[in-house]
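Here's the letter readout for the chains.
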Amino acid sequence: MNIIAAVSMTDKPTFFSGHQSVIGYSSPNVVKANSTMDRSQSVLPPHVHSASSEATMTHGNALSSFMPVLLGLFGNQASLRGGVVSQIQARWQPTFWTGDRWGQAESLASQAGADDQFVTADGFAALSIPVAPGADMATSARKESGSDSLGSSQDILPGIGSDAIVLSIDGKPADSSSLKMLATAVGRFLWLQRNHQNDARRLWQTSKMLQHAAEWQQLDSDEQLLASMADCACEVLNCERATIFLWDKRTKKLIGRPAIGIEGGVLEVEDNAGIVGEALHSGSPRWWSAGGTDEGRVNRRIDQAQNFTTRSLLAVPMVNARDQVIGVFEGINARPGDHRNESFDAADVRTLTELAMHASIAIDSYRTRTDLTETRDRLVEQAAQSKPLIGNHQSIQEIRRNATKVAPTDLSVLVLGSNGTGKEVLAQHIHYQSERRNGPFVAVNCAALVETLLESELFGHEKGAFTDASDTRVGKFELANGGTLFLDEVGDMSAGGQAKLLRVLEEKVVVRVGGSRSIPVDVRVIAATNQPLQELISAKRFREDLFFRLNVVSLTLPPLSHRGDDVMELAEHFLADFCRQIGRAVPTFAASARDAMLSHDWPGNVRELRNTVERICYLTTTDVVESSDLMMSPSTTRKSVDMPMLDDADGNLNSATREFQVQHIERLIASCGGNMTEAAGKLGLHRSNLYRKMRQLGMPTSS
């Protein structure tokens with residue numbers, strides 16, 4: 001808005017007696033121009049209007065209270081005539097007037113503003129008013145925009161105009177010094193009034209932008225995010241539409257969303273086209289208003305496709321935290337406001353630049369979150385595929401079905417089976433099939449923890465809790481929060497450890513060693529053991545209440561020797577996996593190797609099979625694996641188990657009986673993976689009696 005003040009005195013200012021300065025003024029001929037905007041169209045919300053009447057005062061209202069005071073400086077004997085004229089949408093009209101109207105006031109005001117110098121006509125003198133005290137228009141615009149140079153007319157910030165004052169004293173043009181004094185005073189007043197108004201507007205705009213920026217961090221859809229940004233721009237800029245153009249450097253395209261009226265809601269333009277292209281490549285704001293000579297800067301074909309008319313544009317580059325331009329934020333069609341007409345102004349440039357900064361941060365944050373989520377999902381999928389539950393035996397199929405049913409729940413699962421049968425693989429299968437798949441999977445071998453360290457390992461400890469506690473340590477339960485905790489060999493846990501574990505499972509809180517604060521944990525527990533827990537309960541070596549807490553769902557893995565053709569399916573899986581790791585071609589198993597593997601007892605179960613195949617991959621070089629390459633002892637095959645005559649028997653019954661007992665005990669211990677307690681249970685003996693029997697037979701023992 002350009003404002004011109006034209007004044008000639010015929011009415012006299014009113015003074016309070018005894019005072020030399022003007023403190024009031026009245027005139028029956030004061031003319032006040034209508035406000036340039038309706039309150040309902042204002043960029044400010046109702047609460048800002050009511051908060052400060054000065055902030056929403058139009059120039060007419062403001063000057064009507066200020067000009068009488070200013071004109072009173074000429075004394076009460078001077079005859080002054082004139083008023084204030086404002087340029088509103090290229091049309092000059094009075095916003096303040098006193099005395100008889102002068103028909104040429106608008107013309108002289110326009111000339112003063114255009115020439116930016118002292119002019120006179122028909123007893124009136126006019127002089128332009130500085131936009132800001134001590135600064136010309138370009139300097140003021142530069143300071144407000146942060147720009148170092150204004151190279152062309154289209155570089156000058158919009159909304160920055162010139163002001164002038166016109167004055168006739170006693171029917172003659174006012175002298176230049178008096179007019180300059182008045183112009184400076186009016187300019188300072190208008191500057192302060194605009195700043196006051198802008199401060200209220202900026203406060204509301206900033207609060208709105210921060211509110212929206214906080215909401216953007218919670219959105220998980222790029223479509224919702226960009227639509228919310230556009231809505232925010234329309235609200236704080238008081239414009240009809242807004243679009244975010246993201247730069248695709250590879251295709252040299254600007255992808256604009258939301259694009260109202262465009263099929264699919266997406267607008268693609270060349271990255272050097274139009275106002276947005278200028279803003280992108282210049283790295284500075286660009287704007288346009290209808291009615292000028294630069295219509296070619298706007299693509300009217302897009303307007304026709306949208307059945308829309310573009311009257312004004314403002315585009316600012318979007319720069320991320322790494323100082324990289326990622327796109328352009330565009331506002332379309334400014335609505336008339338108390339600080340502007342239908343064109344964007346300098347305050348709008350500043351506002352949209354700040355909004356673009358918040359938008360760039362939110363877009364970068366969204367992209368980072370998306371990348372991290374995709375990476376996490378990919379890693380989870382890779383982890384799930386790295387240890388699949390392989391097998392088509394009826395028992396494995398049944399276990400797989402039950403595991404799939406129980407996985408979506410938070411029920412505790414107890415996995416039973418001999419060493420090497422794949423209890424941890426089954427636990428991971430349940431974890432990756434559950435809603436906790438994106439959480440951690442933490443495995444703990446309870447048999448490897450002595451009682452003195454078990455509590456610290458599971459529940460953590462505070463610094464200084466004991467002699468070696470030099471730092472605070474987070475326990476396994478806290479590490480597994482939001483995921484799954486796998487307690488392997490839970491049957492070997494001490495009585496004290498069982499009691500503490502039961503308390504955590506019931507209360508779902510942990511207290512670190514040396515601490516007093518209860519820490520809530522959200523953990524699903526899957527326990528596993530190769531021990532006969534029912535027998536341990538009868539022997540008072542395992543808590544019955546803990547057993548029932550863990551044994552909500554029980555899954556028992558069969559020995560590998562009971563799974564039939566699964567042996568070869570597992571062997572071929574391991575063979576392909578290891579060959580891929582070392583970069584060799586995958587060999588095939590000869591018929592003799594298949595027969596040997598299918599007839600083998602596999603006392604170490606899947607673990608033994610895996611080790612055998614790994615050995616084959618590294619030690620063989622041929623394309624066919626023969627039975628001799630397996631390097632399995634014939635004494636450990638099922639055929640040797642069923643032999644009616646022992647090789648070392650000398651025909652004596654006692655010797656044959658002794659040899660049978662030795663071999664039988666050795667096979668059982670091997671099938672149990674060296675677990676003497678389990679082997680003794682299968683023999684119907686107590687562990688101490690098994691050791692005694694082994695010593696009687698002359699077998700080596702560890703105790």
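This write-up is about the structure you can find in this document.

Calculation rules
Residues numbered from 1 in each chain as written. Predicted model: local features only at pLDDT ≥ 70, side-chain atom pairs only at ≥ 80, totals over all residues. Heavy atoms only, no water. Salt bridge = Lys/Arg side-chain N within 4 Å of Asp/Glu carboxyl O. Helix = DSSP H or I, 4+ residues; strand = E, 2+ residues; numbered from the N terminus. Buried < 20%, exposed > 50% of the residue type's maximum accessible area, 1.4 Å probe, protein only. Patch = residues over 30% accessible without salt bridge, like charges linked within 9 Å, V, L, I, M, F, W, Y side chains within 5 Å. Areas by Shrake-Rupley, 256 points an atom, 1.4 Å probe, with all protein chains shown as cover. Phe/Tyr/Trp six-rings, centres within 6.5 Å; stacked < 30°, edge-to-face > 60°. Lys NZ or Arg CZ within 6 Å of the ring centre and 35° of its normal. Expected span 1.5 Å × (residues − 1). Contact = heavy atoms within 4.5 Å. Core = buried A, V, L, I, M, F, W, Y, C linked by side-chain atoms within 4.5 Å.

Let's talk about the pattern of salt bridges
Side chains that carry opposite charge are capable of pairing whenever their charged atoms lie near each other. Following the criterion strictly, the structure yields 25 salt bridges and no others. Close ionic contact of Glu-240 with Arg-311 constitutes a salt bridge, the shortest N to O distance being 2.5 Å. With Glu-240 in strand β8 (residues 239-248) and Arg-311 in the loop between α8 (300-306) and β12 (312-319), the pair connects residues that are 71 residues apart, well separated along the chain. Glu-240 gets classed as partly exposed once you look at its relative accessible area, which sits at 29%. For Lys-476, the salt bridge identified is with Glu-457, shortest N-O distance 3.4 Å. Residue Lys-476 is located in helix α13 (residues 476-479), and its partner Glu-457 is located in helix α12 (residues 451-459); the two are separated by 19 residues in the primary sequence. The buried category is assigned to Lys-476, whose relative accessible area is 19%. Look at Glu-457 and you get buried, because its relative accessible area is 16%.

What about a nonpolar patch on the surface?
A surface patch of nonpolar side chains, amounting to about 420 Å² of accessible area, comprises Ile-582, Tyr-618, Leu-619 and Met-631. Mapped onto the fold, Met-631 is located in the loop between α20 (627-630) and α21 (638-641). A relative accessible area of 47% means that Met-631 is categorised as partly exposed.

Describing the packing of aromatic side chains
With the rule as written, the count across this model stands at five aromatic pairs. Between Phe-66 and Phe-189 the ring centres are 4.1 Å apart and the planes differ by 0°, which places this aromatic pair in the stacked class. Placement of Phe-66 in helix α2 (residues 59-71) and of Phe-189 in helix α5 (residues 176-216) is noted, with a sequence separation of 123 residues between them. Taken individually, Phe-66 and Phe-189 each receive the classification buried, so the pair is uniform in this respect. Consider the rings of Trp-102 and Phe-124, whose centres lie 4.0 Å apart with planes at 10°: the pair is stacked. Here Phe-124 lies in strand β5 (residues 124-129) and Trp-102 lies in the loop between β3 (91-98) and α3 (105-115), a separation of 22 residues in the sequence. Of the two residues, Trp-102 and Phe-124, both sit in the buried class. Directly above the ring of Phe-308 sits Arg-241, whose terminal nitrogen or CZ lies 3.8 Å from the centroid.

Here's the deal with helix α17 (residues 566-582)
Spanning 17 residues, α17 covers 24 Å between terminal C-alpha atoms, matching the ideal 24 Å at 1.5 Å per step. Within the sequence span of α17, burial applies to Asp-566, Val-567, Met-568, Leu-570, Ala-571, Phe-574, Leu-575, Asp-577, Phe-578 and Cys-579. Buried residues belonging to α17 abut α10 (394-406), β23 (588-589), α18 (591-599) and α19 (605-619). Just beyond α17, the residue with positive phi is Gly-583, at close to 75°.

Some thoughts on the nonpolar core
Grouped burial of nonpolar side chains is what soluble globular proteins tend to show. Counting residues in hydrophobic clusters, the biggest one holds 32 residues, and the most contacted among them are Trp-216, Met-229, Ile-244, Met-318, Phe-329, Leu-355 and Ile-363. Counting residues per element, the ones that place at least two in this core are α5, α6 (222-237), β8, β12, β13 (325-334) and α9 (346-386). Here the element with the most residues in this core is α6; it accounts for nine residues. Dropping the residues within four chain positions of it, Met-229 is found in contact with Trp-216, Ile-244, Phe-329, Ala-359, Ala-362 and Ile-363. Listed in part, the 30 residues of the second largest apolar core include Leu-414, Leu-454, Ile-519 and Leu-546.

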